[in-house]
Amino acid sequence: MPDRAARTSRSTKKDAKKAHTSNHQQRSAGDLHGDRMTQFLASPSYDALTPQLAEQLQRTIGNHALQRIIQREDDDDNADANANNNDANADADNNDQGMNAAELKGFLEKNANKMDVSELGALLKSDGHKLNKKVRTKFEGIYQKRKFVAQSGGKDKGSQNIRKAAADKMDVITAASATMQDRAGKLLNNLASDTGGHAEMGPLKNMKGIFSKMTRKHLGKDKQDKYDPNAAPVELDDLGVDIKDIVRGTIYYEEFDDLQTGYMEMVKGVKQVYKYIVIDIIKSETSFDDNQGTGYRDAKLVLLMDLSAEARKILKSKAINTQKFRGIPFEIQLNLKKGLVVKSGKLGGEENYLNGDGLFDGRAFVQAAMDEMGDDYEQRDADAALISDIPAGGLPKAHEVYKMPDTELNKQTYNDLYVRIYEVAYRANGYIPDDTDLKAFVTKLKKQIKSKVKPRDKAAKDKKRAAHKAKHGNPQD
């Protein structure tokens, strides 16, 4: 338990669990301190002492023992303001079972914003599994925000205060983005209908995801790469613009030809057809142009939506410049149906390959895809071999594997299997990586993107970052 009482009474707690051992019987009065003495004298542990040690203990303590016990404190524990909370935490930790879910939630509601950030992280790591997903995600978000403020750069108070202001600004941007969810959902439905796709509006990105990404971007660290100490950081003022997926949704297609056509139509015409809401296309990219076996693929389109009156009001109330922050980004992923099934294990009520243990039944999925493609499927022999390689009990969901730490023993094995499963999925929806027509489409699309997409001026952005780095150094310094 991350509190002072737990640290200073560690020996007491250990010995209380070993009441009948010789180590316990040899403990002196000096090893017992604070209000833990009251518990000790009333416990079976005291009864287990030999008569000689019990008598010696009573003589040592005297009549005013509870007021005179010397407490051992860490050098940095010189404040008593949190003593009551700390004692309560130590009591909970003394229980073999620790706090139950309700107690843990209550403790975090009271202390998550004021306890040491490292101790908050350790508590969530050790006991967070007791909370339901919604509650756990909430407190993990608080932790990520506090971690961003405390650790993603200089540790001096001034640097932390600057990051605190940026974090508070992001809270405001998130609140403004939330007011655009309905408008984005209607736009997504219209775009899907216009292009023959199916719309799936996603939830607003939570605090955990937002502040994890803020930390990575501010440190110049890409999501999938190791930290590069020479990478230019994203300036704090730009983080709100650089995080483009607070509002997000998906359009999926059952045939790759439809995805190609729909994507092209959106790039060419979305600003004209939906000019009342779409200011610009600020990002467009596709991983379908990779003809290597890379597993998951998608195409992305990030639209800048004009601010609603409510969003504008929220931003202005916190003095956020709406000339610079002139719209809310809306990230749209375009995908193939079976790719999404592999990613999550299921898709709505249509396809579900999750077994009773919540694992993805890759064998059943691959067999069904092969059956759908028929006997003339060229990869049939290779995919038949894949079925035997997939564990009969199933695989962790693909997005769970993606989030596993690199130290996870089976992560690489799972990744390799999913690369092969994704290839089957995409082929079943008509995507052939080495197809000549695909290469022609990608070439045409890139030309179209170049003429339509208006990203932020990269040269100016790099110049600004270089000046920031020259003045302040790397953010971790």
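About the cut-offs
Residues numbered from 1 in each chain as written. Predicted model: local features only at pLDDT ≥ 70, side-chain atom pairs only at ≥ 80, totals over all residues. Heavy atoms only, no water. Axes fitted to C-alpha atoms, helices over the stretch in contact; angles between N-to-C directions. Helix = DSSP H or I, 4+ residues; strand = E, 2+ residues; numbered from the N terminus. Parallel < 35°, antiparallel > 145°, perpendicular 65-115°, else oblique. Left-handed = near helix turned anticlockwise from the far one by under 90°. Contact = heavy atoms within 4.5 Å. Nonpolar A, V, L, I, M, F, W, Y, C, P; charged D, E, K, R; others polar. pLDDT = per-residue confidence, 0-100. Expected span 1.5 Å × (residues − 1). Patch = residues over 30% accessible without salt bridge, like charges linked within 9 Å, V, L, I, M, F, W, Y side chains within 5 Å. Areas by Shrake-Rupley, 256 points an atom, 1.4 Å probe, with all protein chains shown as cover. Salt bridge = Lys/Arg side-chain N within 4 Å of Asp/Glu carboxyl O. Lys, Arg positive; Asp, Glu negative; His and termini not counted. Charge placed at Lys NZ, Arg CZ, Asp CG, Glu CD. Buried < 20%, exposed > 50% of the residue type's maximum accessible area, 1.4 Å probe, protein only. Pairing = 2+ DSSP bridges.

## Topic: the packing of helix 11 (residues 133-151) against helix 14 (residues 207-218)
As a packed pair, helix 11 and helix 14 sit with axes 7 Å apart at the nearest point and diverge in direction by 20 degrees. If you check the angle between helix 11 and helix 14, you find them roughly parallel. For helix 11 against helix 14, the interelement crossing comes out left-handed. Along its contact with helix 11, which presents Thr137, Glu140, Gly141, Ile142, Gln144, Lys145 and Phe148, the element helix 14 presents Met207, Lys208, Phe211, Ser212, Met214, Thr215 and His218. When grouped by side-chain class, the residues that make up the contact of helix 11 with helix 14 number five nonpolar, six polar and three charged.

## Some thoughts on the confidence of the model for the chain
Per-chain confidence: the chain averages 75 in pLDDT, with 65% of residues scoring 70 or above. No element of the chain has a lower mean pLDDT than helix 7 (residues 65-68), which averages 36, and none a higher one than strand 2 (residues 247-253), which averages 96. Low pLDDT (under 50) marks residues 1-38, which in the prediction has 84 contacts with non-local residues, meaning those over four places away or in another chain. Across residues 87-96, where pLDDT falls below 50, the model places 20 contacts with residues more than four positions away in sequence or in other chains.

## Some points on the environment of Arg312
Structurally, Arg312 is set in helix 17 (residues 309-317). Arg312 sits 133 residues away from Thr179 along the chain, and the two C-alpha atoms are 9.9 Å apart.

## Overview of helix 19 (residues 362-373)
Under the 1.5 Å per step criterion, the end-to-end length of helix 19 is 17 Å for twelve residues, consistent within 8% with the ideal 16 Å. The inward-facing, buried residues of helix 19 contact helix 18 (337-344), helix 20 (380-389) and helix 22 (411-428). After helix 19 finishes, the residue Gly374 shows a positive phi value of roughly 90 degrees.

## A few points about a negative patch on the surface
Taken together, the side chains of Glu254, Glu255, Asp257 and Asp258 present a region of like negative charge at the surface. Mapped onto the elements of the fold, Asp257 is located in helix 16 (residues 256-273).

## Thoughts on the pattern of salt bridges
Within the structure shown, the criterion is met by 20 salt bridges. In this structure, Asp168 engages Lys164 in a salt bridge whose closest nitrogen and oxygen atoms are separated by 2.8 Å. Separated by four residues within a single helix, Asp168 and Lys164 lie in helix 12 (residues 157-178), roughly one turn from each other. Its relative accessible area of 30% is what places Asp168 among the partly exposed residues.

## Notes on the sheet that holds strand 3 (residues 278-286)
What the five strands build is an open sheet, ordered 1-2-5-4-3; its pairing is mixed. Each edge of the open sheet carries a strand with a single partner, namely strand 1 (198-201) and strand 3. Neighbour-to-neighbour, the strand axes of the sheet open up by a mean angle of 20 degrees, direction not taken into account. Both strand 1 and strand 2 contribute to a ladder of four bridges, which runs antiparallel. If you follow Met201 over to strand 2, its bridge partner there is Gly249. Here helix 18 sits on the sheet in contact with strand 2 and strand 5 (327-336), set at roughly 100 degrees to strand 5.

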